[in-house]
Amino acid sequence: MTQMSGLMKGKRGLIMGIANNRSIAYGIAKALADQGAEIALTYQNDALKKRVAPLAEELGAYVAGHCDVGNDESVDAIFDHLSEKWGRIDFFVHAVAYSNKAELTGRYIHTSRDNFLSTMDISVYSFTSVAARAQRLMSEGGSMLTLTYYGAEKVMPHYNVMGVAKAALEASVRYLAVDLGNQKIRVNAISAGPIKTLAASGIGDFRYILKWNEYNSPLKRTVTTDEVGQSALYLLSDMSKGVTGEVHHVDSGYHTVGMKAVDAPDISVVKDE
Ligand SMILES: NC(=O)c1ccc[n+]([C@@H]2O[C@H](COP(=O)([O-])OP(=O)(O)OC[C@H]3O[C@@H](n4cnc5c(N)ncnc54)[C@H](O)[C@@H]3O)[C@@H](O)[C@H]2O)c1
């Protein structure tokens, strides 16, 4: 645990996307709570409620309620609740994505219309729709953060429609940064390297992707949710007051390399267990 220095003292905000203690959102919540932030969490459904409740207790966070980002009424209910409880918020974290697992393998060309639209709705539009509500409570400015992946910039095997969605999400960050800049609200993304989470386990050959990153990134390892949390702390605190519209890579430097490292072993596909 980081030594508390109170970087987030007096700041309140909403974090969406904790499913369990392996979630990137949990790593972010931990880093913010350690620095004195007051945090509200949501859970997607009843199955996740019982996982989120003990984590909220551990973090000293409060559970604002159920929120399915595909349902405007449930998003509105969260913001009515926050408006009543706090009146104002300073930050918002969007760590939400979904696509049908059956289409996160094989070729992109086979993406169905239904899954294309629902992936864009849950993984892209939801950031804009929640940001529109969050900005109303950011009366003294604020910071918004979403999570993306290198598959937005370059083709990654099996990432398929999610890569297209992340490209649109990164474009949304830039448009929202301009829309909200004059309200002193900053909008950024972290492009995280691969981490074994619930969502990631839906991506084909994920263990192979992890190994490949480990062998070929400049730091010769993958990243942790704690490390993403520390970078999120920078982007959500006043430490990054002059930063907006940015996609910040927290990936052991993987995005800088163009080819297999000379000392990396040739690896065959390691199948998920
Ligand atoms: N794990 C990785 O390798 C990796 C790398 C880069 C970016 N990301 C991104 O990080 C974010 C968080 O994912 P994670 O890897 O921590 O996995 P995770 O499974 O822990 O989190 C995904 C979250 O999305 C939520 N969600 C899905 N559909 C929802 C809906 N309709 N309404 C509300 N919530 C919904 C789930 O409840 C879950 O909490 C995602 O945007 C993901 O694409 C992950």
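Because the structure is predicted, anything quoted here is derived from the model rather than measured. (Residues numbered from 1 in each chain as written. Predicted model: local features only at pLDDT ≥ 70, side-chain atom pairs only at ≥ 80, totals over all residues. Heavy atoms only, no water.)

**A look at the UniProt feature "active site" (unreviewed entry) in the protein chain**
Sequence positions flagged by UniProt for "active site" (unreviewed entry) are, in local numbering, Tyr 149 and Tyr 159. Locating Tyr 149 in the fold gives a position in the loop between strand E5 (142-148) and helix H5 (160-181). Excluding anything up to four places from it in sequence, Tyr 149 contacts Met 156, Tyr 159, Lys 166, Glu 170, Ser 191, Ala 192, Gly 193, Pro 194 and Ile 209. Mapped onto the elements, Tyr 159 comes out in the loop between E5 and H5. Note on Tyr 159: relative accessible area 8%, which makes it buried. (UniProt positions renumbered as here; feature names shortened; annotations may be inferred. Helix = DSSP H or I, 4+ residues; strand = E, 2+ residues; numbered from the N terminus. Contact = heavy atoms within 4.5 Å. Buried < 20%, exposed > 50% of the residue type's maximum accessible area, 1.4 Å probe, protein only.)

**With respect to the site of the ligand**
Every one of the 28 residues lining the ligand counts as a neighbour, but Gly 17, Ser 23, Gln 44, Ile 195 and Thr 197 are closest to it. At a separation of 2.9 Å, an oxygen atom of the ligand approaches a polar backbone atom of Ile 24. Ile 195 is positioned with one of its backbone polar atoms (N or O) 2.8 Å from an oxygen atom of the ligand. Burial of the ligand by the protein amounts to 93% of the accessible area it has alone, namely 820 Å². Looking at side-chain class alone, the shell around the ligand contains 20 nonpolar, six polar and two charged residues. (Near = heavy atom within 4 Å. Polar contact = N/O pair within 3.5 Å; in protein donor to acceptor, adjacent residues only side chain to side chain. Areas by Shrake-Rupley, 256 points an atom, 1.4 Å probe, with all protein chains shown as cover. Nonpolar A, V, L, I, M, F, W, Y, C, P; charged D, E, K, R; others polar.)

**Looking at a nonpolar patch on the surface**
Side chains of Leu 7, Tyr 234 and Met 239 sit close together on the surface and give an oily, nonpolar patch of about 280 Å² of accessible area. Tracing the backbone through its elements, the reader meets Tyr 234 in helix H7 (residues 225-236). (Patch = residues over 30% accessible without salt bridge, like charges linked within 9 Å, V, L, I, M, F, W, Y side chains within 5 Å. Salt bridge = Lys/Arg side-chain N within 4 Å of Asp/Glu carboxyl O.)

**Describing the packing of aromatic side chains**
Throughout the structure, instances matching the rule amount to five aromatic pairs. Note on Tyr 208 and Trp 212: the rings are 6.3 Å apart at their centroids and 40° apart in plane angle, and the pair reads as tilted. With Tyr 208 and Trp 212 both in helix H6 (residues 206-216) and four residues apart, the pair spans about one turn of that helix. Judged by relative accessible area, which is 24%, Trp 212 ranks as partly exposed. Its guanidinium or amino end placed over the ring of Tyr 62, Lys 85 lies 4.4 Å from that ring's centre, counting from NZ or CZ. (Phe/Tyr/Trp six-rings, centres within 6.5 Å; stacked < 30°, edge-to-face > 60°. Lys NZ or Arg CZ within 6 Å of the ring centre and 35° of its normal.)

**Here we look at the pattern of salt bridges**
For the structure on display, the rule yields eleven salt bridges. For Glu 214, the salt bridge identified is with Lys 211, shortest N-O distance 3.4 Å. Of this pair, Glu 214 and Lys 211 both sit in helix H6, separated by three residues, roughly a single helical turn. In this structure Glu 214 comes out as partly exposed when scored by relative accessible area, which is 28%. Judged by its relative accessible area of 30%, Lys 211 falls in the partly exposed class. A salt bridge links Lys 260 to Asp 266; the nearest nitrogen and oxygen atoms lie 4.0 Å apart.

**With respect to the pairing of strand E6 (residues 185-192)**
Most of E6 is tucked away, with eight of its eight residues classed as buried. Alternating positions in E6 separate into two faces, Ile 185, Val 187, Ala 189 and Ser 191 on one and Arg 186, Asn 188, Ile 190 and Ala 192 on the other, with burial throughout. Alignment of E5 against E6, held across seven bridges, turns out to be parallel. Considered in E6, the bridge of Thr 148 is made with Ser 191. Note that E6 and strand E7 (residues 247-250) share four bridges and pair parallel. Residue pairing for E7: Ile 190 is matched across the bridge by His 248. (Pairing = 2+ DSSP bridges.)

**Focus on the environment of Gly 10**
Structurally, Gly 10 is set in the segment before strand E1 (12-16). Judged by its relative accessible area of 57%, Gly 10 falls in the exposed class. With 108 residues separating them in the primary sequence, Gly 10 and Ser 118 have C-alpha atoms 37 Å apart. Those residues within four positions of Gly 10 in sequence are excluded, and the remaining contacts are Gly 36, Arg 88 and Asp 90.

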